[in-house]
Structures are given as structure tokens and as C-alpha cells.
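# Tertiary structure, described
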Amino acid sequence: MIESARQVDNSLTGMVALVTGAGRGIGRAIALELASHGAAVACCARSLSEIDEVAALIESTCPGKKRAAAIPLDVSDETDVKRAVAKTTEIFGRLDILVNNAGIGVFGSLESLSVADWDRVMAVNTRGTFLMCRESIPHLRKQQRSFIINIASVVGVKGYPNQSAYAASKHAIMGMSSALAKEVQKDGIRVHAICPGGVDTDMVGDARPDLDRSGLIQSEELAEMVTFLVTRRGKGVIDVLHVRRDGNTPWV
Ligand SMILES: NC(=O)c1ccc[n+]([C@@H]2O[C@H](COP(=O)([O-])OP(=O)(O)OC[C@H]3O[C@@H](n4cnc5c(N)ncnc54)[C@H](OP(=O)(O)O)[C@@H]3O)[C@@H](O)[C@H]2O)c1
């Protein structure tokens, strides 16, 4: 009964995704995963060599017409964001899926943080997500169904010592996502937030050197969850996905 009610279309063929922070870690896995389901992917980050490598990998492994482009940008820079979104639609002709994944961590006790530390994490994580959404919505609105996936964090709903700036930036993303989802529902744009616990990437090594990395969530698992969100059909809508490490405390 449940199975027949659940209609899943795994094909993203014909759809175009823009993934920020696609050069490594979670964003790289998401870019590769969406491409493997048929989407064309604009791979965006600051390090051109990294996004070039991801775009080349997609082009070499996924058949079809042009399937990937490396588009460098700093998500905190309004001009860069405008240019990158325009470039994506110029190359691929449309935009269906925006994945706001680019992010940085600034860690240390609140007393130790400088104004520059605070501003940097808010500029990348929060302003970057805002700018990417603002510039993408006019294109997303043209599709019958389109998606904004904001990679927040468990730190978007909880707080940990030495993560006050990062937590503030991720709580802001959760508030923005909730408000935006209501604004654009009428346009057929679904806004989803994903709140992962520790994922085995470079970032987590810096933030939580105490964690045993063997127990961390794999980037590919999150990428599969993004695919799940953008391929679901039906009446039920998932607003927030909370993803904890296996063995960590359930339901908090
Ligand atoms: N790892 C975790 O445990 C974890 C848990 C929950 C949530 N998250 C979130 O997941 C996202 C990805 O994290 P990750 O662990 O994969 O980190 P990562 O391995 O450090 O990768 C971060 C990506 O974001 C890009 N980026 C950073 N600043 C940018 C900027 N100003 N403009 C454009 N791109 C920028 C980086 O490329 P460049 O440096 O080349 O620009 C890189 O491609 C982040 O938003 C993070 O907060 C991570």
C-alpha cells in the first residue's frame, strides 16, 4: 500500500542543477549524484581546479549533450553570484535545482572571535545562500517543479561550544528557508533544508578534531538524500531532513 502510493521518478534528465561548493566534500558528491541521474550540473566554488575536475568527471562518465560546467564564484559576492546564475542559464537554458551547499566554519569560543571572523562566516553561509536564492528564483519559477536545497546543519537547530558564529549562520539559513518556502510555494518551488550531523569531509576535521571519523556520515549518503527530495512525487512534502550519525542520540 505504502509502496504503491509512493511514486519515485529517478530520472533528472533534462533538468539543470547548480551546486555551490561542488569542488569537494558534500557538494562534490551531490554534483556527481545529480549528474548520474541525468541532470546537467553547474559546478560552482572558488577553486577552479577543483570544480574543473568535477565537471570533467561528469562529462567523461555521463553520456549525452553538454552535461557539466565549472563556473567559479564566491557566493558572498553579489556580482559573482549574478554572473554565475546568468552563465548557468546561458549554457544550459534553464535552472531546476539550486543546491546551496557552499559553506565555511569559523570555530573557537565566542570571546575569541573577531568581527572579521563573524562577518566572514555570515557572509559566506548566510548572505551567500540569500544571494543564490534571490538570483535563482526568477529562473526556478519558470519550471513547473523546481527546488532549492539548503544544506544547513544540525548546528542549524542546536548549539555546540566553540561554534557560535557557525551556529548563528546555520540558524539563519533555517529561518530563511522556512520563510522562503512559504513565499515561493505558489510558484511551484519547493525549499528543503537538510541538517546533517558530522560528515566525513575536510571541514569536520577542523571543527571537531575529537570525533572518530570512522563513524561519520558519508557525503554520498547526503547526495542520495538530495536525489530523493528532487525526485519525489506525491502529496507529502518534506521541509527539513534531520540526518544524525548512526549511534548518536535519536530524536534530539
Ligand atoms: N562536514 C560536516 O560535518 C557538515 C555537517 C553539516 C553541514 N555541513 C555543511 O555542508 C556544506 C559543505 O560542507 P563540507 O563539509 O563538504 O565542506 P568542505 O569540504 O570544506 O567544502 C566546502 C565547499 O564550499 C566551497 N566554498 C567555501 N567558501 C565558498 C565561497 N565563499 N564561495 C563559493 N564556494 C565556497 C569550497 O570551495 P572553495 O574553498 O574552493 O570555494 C568547497 O567546495 C557546508 O555548508 C557545511 O556547513 C557540513
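Relevant structure appears above.
Here's a quick rundown of the structure. For clarity, every value in this text was computed on a predicted model and none was experimentally measured. (Residues numbered from 1 in each chain as written. Predicted model: local features only at pLDDT ≥ 70, side-chain atom pairs only at ≥ 80, totals over all residues. Heavy atoms only, no water.)

A few words on the environment of Gln-144. For Gln-144, the location among the structural elements is in the loop between helix 5 (115–140) and strand 5 (146–151). A C-alpha to C-alpha distance of 39 Å links Gln-144 and Thr-249, two positions 105 residues apart in sequence. (Helix = DSSP H or I, 4+ residues; strand = E, 2+ residues; numbered from the N terminus.)

Near the ligand there are 28 residues, and of these Arg-46, Ser-47, Tyr-166, Val-199 and Thr-201 occur at the shortest range. Interatomic distance of 3.2 Å between a backbone N/O atom of Gly-21 and an oxygen atom of the ligand. Between the ligand and Val-199 there is a distance of 2.7 Å, counted from an oxygen atom to a backbone nitrogen or oxygen. Taken by itself the ligand offers 880 Å² of open surface, and the protein chains cover 96% of this. Counting residues per element, the ones that place at least two in the shell around the ligand are helix 2 (25–36), helix 6 (164–184) and helix 7 (202–207). Each residue belonging to the shell around the ligand can be placed in one class, and the counts come to 14 nonpolar, ten polar and four charged. (Near = heavy atom within 4 Å. Polar contact = N/O pair within 3.5 Å; in protein donor to acceptor, adjacent residues only side chain to side chain. Areas by Shrake-Rupley, 256 points an atom, 1.4 Å probe, with all protein chains shown as cover. Nonpolar A, V, L, I, M, F, W, Y, C, P; charged D, E, K, R; others polar.)

So, about the pattern of salt bridges. Here the idea is simple: oppositely charged side chains can pair when their charged atoms come close. Following the criterion strictly, the structure yields 13 salt bridges and no others. Here Arg-83 ties to Asp-80 by a salt bridge, and the two come within 3.2 Å at their closest N and O atoms. With a gap of three residues between them, Arg-83 and Asp-80 both fall in helix 4 (residues 78–92), about one helical turn apart. Take Asp-80: its relative accessible area is 19%, and that puts it in the buried class. Between Asp-117 and Arg-120 there is a salt bridge, with the nearest N and O atoms lying 3.8 Å from each other. (Salt bridge = Lys/Arg side-chain N within 4 Å of Asp/Glu carboxyl O. Buried < 20%, exposed > 50% of the residue type's maximum accessible area, 1.4 Å probe, protein only.)

Strands sit in the order 3-2-1-4-5-6-7 across an open sheet of seven strands; the sheet is parallel. A strand with exactly one partner marks an edge of an open sheet, and here the two such strands are strand 3 (68–72) and strand 7 (240–243). Neighbour to neighbour, the strand axes of the sheet diverge by 15° on average, direction disregarded. The sheet contact formed by strand 1 (residues 16–20) and strand 2 (residues 40–45) spans five bridges and is parallel. (Pairing = 2+ DSSP bridges. Axes fitted to C-alpha atoms, helices over the stretch in contact; angles between N-to-C directions.)

By the element assignment, Arg-232 lies in the loop between helix 8 (219–231) and strand 7. At 10.0 Å, Asp-239 is the nearest oppositely charged side chain to Arg-232, a buried residue that forms no salt bridge. Within the local environment of Arg-232, its side chain forms a polar contact with the backbone oxygen of Gly-236, the two atoms lying 2.7 Å apart. (Lys, Arg positive; Asp, Glu negative; His and termini not counted.)

Our focus in this paragraph is the packing of helix 5 against helix 6. Contact geometry of helix 5 with helix 6 gives a least axis separation of 8 Å together with a crossing angle of 15°. Put simply, helix 5 runs roughly parallel to helix 6. Crossing of helix 5 over helix 6 shows right-handed handedness. Facing Trp-118, Val-121, Met-122, Asn-125, Thr-126, Thr-129, Phe-130, Cys-133 and Ile-137 of helix 5, the residues of helix 6 in contact are Ser-164, Ala-165, Tyr-166, Ala-168, Ser-169, Lys-170, Ala-172, Ile-173, Met-176, Leu-180 and Val-184. (Parallel < 35°, antiparallel > 145°, perpendicular 65-115°, else oblique. Left-handed = near helix turned anticlockwise from the far one by under 90°. Contact = heavy atoms within 4.5 Å.)

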